[in-house]
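Here are the chains, one letter per residue:
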Amino acid sequence: MDTNGSLNGNVPAGPLAEKWDNHRFNMKLVNPANRRRYKIIVVGSGLAGGGAAATLGELGYNVDCFCYQDSPRRAHSIAAQGGINAAKNYQNDGDSTYRLFYDTIKGGDFRSRESNVYRLAQVSANIIDQCVAMGVPFAREYGGQLANRSFGGAQVSRTFYARGQTGQQLLLGVYAALSRQVAAGTVKMHSRTEMLEIVLVDGQAKGVITRNLVTGEIEKHAADVVIMATGGYGPVFYLSTNAMGNNVTASIRAYMKGAYFANPCYTQIHPTCIPVSGDHQSKLTLMSESLRNDGRIWVPTKEGDPRGPAEIPEDERDYYLERMYPSFGNLAPRDIASRAAKRACDEGRGVGDTGLGVYLDFTDAIKRLSLPVVQQRYGNLFDMYEKITGENAYEVPMRIYPAIHYTMGGLWVDYNLMSNIPGLFVLGESNFSDHGANRLGASALMQGLADGYFVAPYTVGNYLASQTPGDYSADSSEFTQAADDVKDRIKRVLSIDGKRTVTSFHRELGLICWDYCGMARTDQSLTKALDLIPALKEEFWENVSVPGGGDELNPELEKALRVADFLEFAELMCYDALVRKESCGGHFREEYQTQEGEALRDDEHFSHVSAWEAPRNGGRPVLHKENLEFEEVEFSVRSYK
Amino acid sequence: MDLTLRVWRQKDGQSTGTLETYQISGIIPDMSFLEMLDVTNERLIEEGKDPIAFDHDCREGICGACSLVINGRAHGGFSGTTTCQLHMRKFNDGDTITVEPWRATAFPVLKDLVVDRTSFDRIIQAGGFISANTGGAPDGNAVPIPKPDADAAMDAAACIGCGACAASCPNGSAMLFVAAKVSHLAHLPQGMPERGQRVLSMVAKMDEEGFGNCTNHAECEAMCPKDISISHIAKMNREFIRATVRGE
Amino acid sequence: MGRFAKVLQSSIGAKVAMAVTGILLVLFIIAHMLGNLLMFAGPEATNAYAKGLKDLGALLWVARIGLLVVFLVHIGSALRLWRMNQAARPQAYAVSESTMVTYAGRSIVLTGLLVLAFAAYHLLHFTLFATNPEFAQLHDAQGRHDVYRMVILGFRNTAVSGVYLVSMILLGLHLSHGVTSLFQSLGINNPSYNPLIKRLGPWSGVLVAAGFMAIPLAVLAGVLK
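Scoring rules and cut-offs
- Residues numbered from 1 in each chain as written.
- Chains lettered and ligands numbered in written order.
- Predicted model: local features only at pLDDT ≥ 70, side-chain atom pairs only at ≥ 80, totals over all residues.
- Heavy atoms only, no water.
- Helix = DSSP H or I, 4+ residues; strand = E, 2+ residues; numbered from the N terminus.
- Buried < 20%, exposed > 50% of the residue type's maximum accessible area, 1.4 Å probe, protein only.
- Contact = heavy atoms within 4.5 Å.
- Lys, Arg positive; Asp, Glu negative; His and termini not counted.
- Charge placed at Lys NZ, Arg CZ, Asp CG, Glu CD.
- Pairing = 2+ DSSP bridges.
- Polar contact = N/O pair within 3.5 Å; in protein donor to acceptor, adjacent residues only side chain to side chain.
- Axes fitted to C-alpha atoms, helices over the stretch in contact; angles between N-to-C directions.
- Buried area = accessible area lost by both parts, 1.4 Å probe.
- Salt bridge = Lys/Arg side-chain N within 4 Å of Asp/Glu carboxyl O.
- Nonpolar A, V, L, I, M, F, W, Y, C, P; charged D, E, K, R; others polar.

> How should the overall build of chain C be read in this particular structure?
Counting its secondary structure elements, chain C contains nine helices and zero strands. When the elements of chain C are put in sequence order from the N terminus, they spell out α-α-α-α-α-α-α-α-α. Principal-axis analysis of the C-alpha atoms places the extent of chain C at approximately 60 × 40 × 35 Å. A burial count over chain C gives 44% of its 225 residues as buried. Nonlocal contacts in chain C, meaning residues at least 24 apart in sequence, comprise 73% of its contacts between residues at least 6 apart. The centroid of the 16 positive side-chain charges in chain C is displaced by 17 Å from the centroid of its 6 negative side-chain charges.

> In this structure, what is going on with the pairing of strand β12 (residues 296-300) of chain A? I would like to understand it.
Here is the key point about a regular strand: its side chains alternate between the two faces of the sheet. Residues and elements named next belong to chain A. Burial within β12 is extensive, with four of its five residues counted as buried. Bridge analysis of β12 against strand β14 (residues 358-361) gives three bridges, and the strand direction is antiparallel. Within β14, the residue paired with tryptophan 298 across the bridge is tyrosine 359. Strand direction decides the pairing type here: β12 and strand β13 (residues 317-318), joined by two bridges, are antiparallel. Its bridge partner being in β13, proline 300 is matched across the sheet by arginine 317.

> Which parts of the structure should I look at to understand the side chain of His587(A)?
Residue and element names in this part refer to chain A. Considering the arrangement of structural elements, one finds histidine 587 in the loop between α16 (555-579) and α17 (603-606). A residue is classified by how much of its surface remains accessible, and histidine 587, at 0% relative accessible area, is buried. There is a polar contact of 3.2 Å between the side chain of histidine 587 and the backbone oxygen of glutamate 582. Excluding residues that lie within four positions of it along the chain, histidine 587 makes contacts with Cys265, Tyr266, Arg521, Ala577, Arg580 and Glu582.

> Just to check I follow, could you spell out unusual backbone geometry for this structure?
Phi is positive for Leu68(B), which is not a glycine, with a value near 80 degrees. Among the secondary structure elements, Leu68(B) is positioned in the loop between α1 (33-46) and β3 (69-70).

> For this particular structure, what's the right way to read the sheet that holds strand β20 (residues 608-613) of chain A?
Strand pairing in a sheet relies on backbone hydrogen bonds, with the paired strands running either antiparallel or parallel. Residues and elements named next belong to chain A. Pairing is antiparallel in the open sheet, where four strands are placed in the order β16-β10-β20-β21. The open sheet is flanked by β16 (410-411) and β21 (622-627), the only strands paired with a single partner. Of the strand pairs in this sheet, strand β10 (residues 261-262) and β20 are connected by two bridges, and their pairing is antiparallel. Bridge assignment links phenylalanine 261 to a residue of β20, and that residue is tryptophan 612. Against the sheet, α16 engages β10 and β20, with an angle of about 145 degrees to β20.

> When you look at the interface of chain A and chain B in this model, what are you seeing that I'm missing?
It is common to give the size of an interface as the accessible area lost on bringing the parts into contact. Between chain A and chain B, the residue contacts involve 73 residues of the former and 70 residues of the latter. Here chain A packs against chain B, burying approximately 5900 Å² in sum over the two surfaces, 51% of which is carbon and sulfur. The tally of links from chain A across to chain B stands at six salt bridges. Put simply, Asp70(A) and Arg117(B) hold a salt bridge, and the shortest N to O gap is 3.1 Å. Applying the counting rule to chain A against chain B returns 47 residue pairs in polar contact (both at pLDDT 80 or more). Of all elements in the fold, only α3 (47-59), α5 (114-133), α6 (166-184), α11 (371-389), α12 (444-464), α14 (502-517) and α16 of chain A reach the threshold of two or more residues within the side of chain A that touches chain B. It is α6(A) that contributes the most residues to the side of chain A that touches chain B, nine residues altogether. Residues belonging to the side of chain A that touches chain B are distributed by class as follows: 27 nonpolar, 30 polar and 16 charged.

Structure representation (structure tokens):
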């Protein structure tokens, strides 16, 4: 591990509250008439990517936008249920930009960059206005005003929502804006097209190599700047609440070309997912956290209790969250609730056929509130639960278990959201910047749209103003080389002709990550993972079976290339987790906990971003630290007792 | 569970396809329909055969990627359920299940069960948006929106663009899809300025893409995994008549 | 006219045109049926009514041409939309299991075409007398064309009555989907009166078919002579 001086986040000078305004004023502008001479590549069409592509198109730039799905409307931002935070203070309950900023910093366990988070809180209000103007049907009060709710344990009601489909409605807003630009001719949309390589020319990002997923054609796309908004890496755990196609390929390819990967060990586990039912399971379904408002979580006190929930008397039930966290009880934060569930199951007290589940019981709520009230509050969730499990949760308690939900780590970016590779911007979940070690509920949508609508359009313009437009060529040797590399990689994976399916490798990798780098990590478990992953990687390249060819629609090939990159990435994630010898947010090291079993941060040694540079010639990745300096807030310890 | 699968196999858009039969055993009722296909594919790969291609992504019923006509019904035809949320407990041991792709001229087959739905994107590009550039939007509460209007807009906006409406319509009509967007935006004050032009352009595009038209069977409504009502089609018709009468 | 043609070009425009012309045709059919039912009031009422219509002169021709245009728009749009629909879904599912599609709905183009063929026959039969030239010679005591007699004679032929009866069932089927459907095409859809609209089609089909069929049945049964 080699440590250089602190990375420079290019944070503008001046008081926190004025940084963004000052910076915007100081940025260089591109003359409107000149904008169409610049070409911008945007990879990803979710809230961040789609929002940036549409906005840059509106400004008059020439944008090429790529997504692997058949339509930009399917990006996984669509699956967010809960809502989007904004410091509007419509409820007059004491919210403010500063409070949203402070909550986000604290929620992130003091591992995020202060200036970025403040900017996020600042633009949050603009996001709501913009979305309303674009026709997002947010929930309304009878008077016609926007409705808010309190979410994820926040003390104020600042969450805007559109039923349980907020992510969908926001994404469809982005999709509409994007469609408008496609019609206007400023954005060219390339759907069913996957980025497989980034191209650098003289150290600057100048384009990407893509594969047309229908014809298999390897295409070279050159531009003045490349924006990646390619989402998180949750599916490195195989089972997660992410979409099946979500992958780390774009990020890991950029990493291999020199982009720093920051804080990969920060992964968020969501406590209320439907448990795994068997080996066939391909994905985990999240159930809104709001269920914890009225449901009581428990497991039997006895290990391996074979009785059904109804036969277990009250005094043989352990309502462990209520017992351990009397003041927050069942509403303890995501990471704490998740770890407590894992502990109960590790003790052999888990429920269901697999023993990996805990009860979320509404019996008392139904008694207290009546069945119709519970139905009205949670009916759609109960229906969804029944659809998936075949059980009626009004009669038998739900079974829930934590699952990987969101990843806070990502490519390192500076205040301008540009990576250490000039000309490569990274937005949304795929960058590391705003959530620190733990993301608060209803903040992911906020960050995606902030980056896409309100930050990147300025900072990308500032970068372009220093570039000569059209200073690239897809026929240059760098592009040819990169395209050849991609073709070789495809040829290689197709020629192995081994015995194991891609999915079996992915599943095994996921299990390794979950067991040894999941909710609770130790030096020993991570060392073990770092032994197992390279061995699995080696086996993959010798024994994977990928049917079909490269020049056709071949979902197995797509998966194989993604799994190959997950195998590269998993090692980095575990290594980061190994060297971060503290517990913070989504990263819990069992060696570093308080006597009560809470995360124990080490601000003296780990108040930094770990930005990893890919090893040049084998060996371990190289660590670059960006020290986190807090001018406005003071470190404090989260307590939920 | 042991099942007989009859699956549409088609090499690519140019080839003609055929239904092939597969015997599959050891399916458990907790599997989703797509997980059943995953298992089938794993076995096909192990046998050295080409796995079945199908579209899917979020697997939680919201992205709209999954499709499939199962035993003659889009998404299997269970109320409010996409294929990814359909579980095998809805079937019986020994069943024969026929799986076909969406069939409509405007949804050409790309491979096996995968179809090209970019025609839907082009319809949205024709006008399924509000022209509001980023920046400069008035405060979100500047224009109050009555709750019933916001709710009605949301009902329509719940469309996931999966294409089940056009696939299940005997006329291959995309009216429910187009109507959902027209109705969503026509219920909101922000949608008013472009109201007339929007419906005319989107309907013209829908026709141009080769979708059929509505003969009011309501099959689309019955198959829609998001339970979108054909009342939105009536709303679109009203919008169309209004725009036409006004000479827009 | 250019704008009208443009509207007809659009699928929804054509559907609206079909709904509007459908309403006019239904009104025509109901008027026609009520006129026919004068048969039960006896020869005097029937023949006087027929003479009254004839005496409209130029107005009658305006009505006839108007009716023809309405027919043509209705049928032309229907055929164009039908062709579009065939082209939109050329390949059927191997397994097809509709839950909502009714027989009347599915066969509406077919029933429409059969009713059209019937209308042609009906004109040749009772209006132009091409099939039965002797009908032109029937006159009553006042010298009016004896329509009453013509109908009785016409329907005594069981084959002819059979054609009329079957055609009226087809017309009823056509209306049972068409009348309900036209409300939706015109954008009239509201939960509070949807149940009524849903029943309106089948009931109008039954009533119209029954009204028309009463006459040949009565003739065959010897009630009308």
